[in-house]
Amino acid sequence: MGHDRLFKAVLESFLREFLELFFPDVAARLDFATQRLLDKEFFTDFPEGRRREADVVAELKTRAGAPEIVLVHVEVQARGEGDVPERMFQYYSMLRLRYATPVFPIVMYLRGGPSGEVAEYSEKLFGRELVRFRYAIVGLARRVAQEYVETSPLSAALSALMRRGRATESLDLRARMLKCVVESELDQARQYLLVNVIETYFRLGRRQRQQFGKILARKEYAKVQDTELTWGDELLLEGAVRGKRETLKRQLTAKFGPLPNEAEARLDAIQSGEELDQYLDRVLVAESLEEVGLDDG
């Protein structure tokens with residue numbers, strides 16, 4: 001999975017745990033028994049005319065007093081700031097207008113991002129401030145992994161993107177991350193999702209893998225070692241499929257220009273390496289996306 005797909009799946013599966021971890025005061029006000037994910041929030045009226053999809057939007061009722069419906073919107077940003085403030089304001093405005101309900105907006109930065117816990121977007125005209133919009137931020141790379149690795153299975157997985165300290169301690173830290181996940185009471189599908197985060201963002205070289213194997217040989221990591229053997233081939237296969245998908249996208253873009261959103265969505269949905277191979281073969285001789293089989297029009 002790419003950044004967006006992987007973390008969208010994580011947030012959809014662990015939204016409550018995510019809010020309890022980083023925004024406990026907000027989580028305490030929400031009734032998670034009423035949670036409803038709003039699927040495929042497409043917006044077509046951005047100023048630049050591009051269609052965009054919000055990462056995760058959930059509808060929940062509040063606990064205190066008369067139940068009130070609110071939305072929680074979480075965007076995942078791989079790195080840097082870019083147009084994030086303006087984009088978050090646009091998402092907020094559209095969600096607020098569409099659902100006529102309050103929105104709690106959050107950006108989770110995987111790398112970099114601004115410091116602090118709140119960021120803002122503002123607009124001015126003739127020296128007057130017209131709009132000041134604030135949203136919450138979670139900068140994973142600015143947090144210390146050791147402080148999160150054993151807090152919860154979700155925090156253990158997310159700590160793979162945090163500061164790890166000295167290299168001599170990092171492999172032991174990785175083993176503790178996996179231990180927290182695989183010894184949890186989560187079902188296998190949710191465990192696998194978190195292991196995927198660790199394997200994706202805490203990669204090991206060949207030499208490190210050998211050293212890591214010695215750590216897992218310890219008695220306290222027996223269950224982790226079993227999990228590594230069980231899921232290792234699956235993760236390698238998933239990585240191979242991801243590599244073919246990205247290669248196909250690059251070839252299509254180089255030959256036909258930027259891909260339509262519909263074509264990207266179809267490619268992202270393909271989980272078979274053999275099917276991707278068929279498309280890779282077609283690209284060599286195709287004169288259009290239609291000939292490749294990725295354009296219905």
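The structure displayed is predicted, hence computed values, not measured ones. (Residues numbered from 1 in each chain as written. Predicted model: local features only at pLDDT ≥ 70, side-chain atom pairs only at ≥ 80, totals over all residues. Heavy atoms only, no water.)

## Thoughts on the pairing of strand E6 (residues 103-109)
What counts is decided by this rule: Burial classes follow relative accessibility: with a 1.4 Å probe on protein chains only, a residue under 20% of its type's maximum area counts as buried, one over 50% as exposed, and anything between as partly exposed. Runs of E in the DSSP output that reach at least two residues are strands. Runs of H or I that reach at least four are helices, and both are numbered from the N terminus. Two strands qualify as a pair provided that DSSP identifies no fewer than 2 bridges between them.
Of all the 7 residues making up E6, 6 are buried; the element is thus mostly covered by neighbouring parts of the structure. Where strand E5 (residues 69-77) lies against E6, 7 bridges are found, and the strand directions are parallel. The residue bridging His73 from the neighbouring strand is Pro105, located in E6. By the bridge criterion, 4 bridges tie E6 to strand E8 (residues 128-139) in an arrangement that is parallel.

## What about helix H8 (residues 206-216)?
Spelled out, the test is: Taking the helix axis as origin, the arc is that swept by the directions to the C-beta atoms.
By the burial criterion, the buried members of H8 are Phe212, Ile215 and Leu216. Viewed end-on, H8 has its buried residues packed into an arc of 90°, placing them on one side of the element. Exposed and facing more than 90 degrees away from the buried side of H8 are Arg206, Arg207, Gln210 and Lys214.

## So, the sheet that holds strand E4 (residues 56-62)
Note the following rule: Orientation is described by lines fitted to C-alpha atoms, with helices fitted over the stretch in contact, and by angles between N-to-C directions that extend from 0 to 180 degrees. Contact definition: two residues touch when any of their heavy atoms are within 4.5 Å.
In space, the 6 strands of this open sheet follow the order E1-E4-E5-E6-E8-E7, with mixed pairing throughout. Each end of this open sheet is capped by a strand with a single partner; those strands are strand E1 (30-37) and strand E7 (118-125). Taking the axes of each pair of neighbouring strands and ignoring which way they run, one obtains an average angle of 30° across the sheet. Across the face of the sheet, helix H2 (residues 15-22) comes into contact with E1, E4, E5, E6 and E8 while running at roughly 135° to E1.

## Details of the packing of aromatic side chains
The criterion, for reference: Whether two aromatic rings pair depends on their centres lying within 6.5 Å, for rings of Phe, Tyr and Trp, where Trp uses its six-membered ring; planes under 30 degrees apart make the pair stacked, over 60 edge-to-face, and the rest tilted. Throughout this description, the term charge over a ring refers to an Arg CZ or Lys NZ atom that lies within 6 Å of the ring centre and within 35 degrees of the ring normal.
A full pass over the atoms with the stated rule returns 9 aromatic pairs. When the centroid spacing of 6.1 Å and the interplanar angle of 35° are considered together, the rings of Phe22 and Tyr148 count as tilted. Placement of Phe22 in helix H2 and of Tyr148 in the loop between E8 and helix H5 (153-158) is noted, with a sequence separation of 126 residues between them. Both residues of the pair, Phe22 and Tyr148, count as buried. Here the aromatic rings of Tyr92 and Phe133 are separated by 5.0 Å at their centres, their planes lie at 40°, and the arrangement is tilted. Separated by 41 residues along the polypeptide, Tyr92 in helix H4 (residues 84-99) and Phe133 in strand E8 bring together distant segments of the chain. Ring-pair connections join several aromatic residues into one group, and the members of that group are Phe18, Phe22, Phe23, Phe104 and Tyr148. Over the aromatic face of Phe202 sits the side chain of Arg174, whose NZ or CZ is 5.6 Å from the ring centroid. One cation-aromatic arrangement involves Arg190 over Phe14; the distance from NZ or CZ to the ring centre is 4.1 Å.

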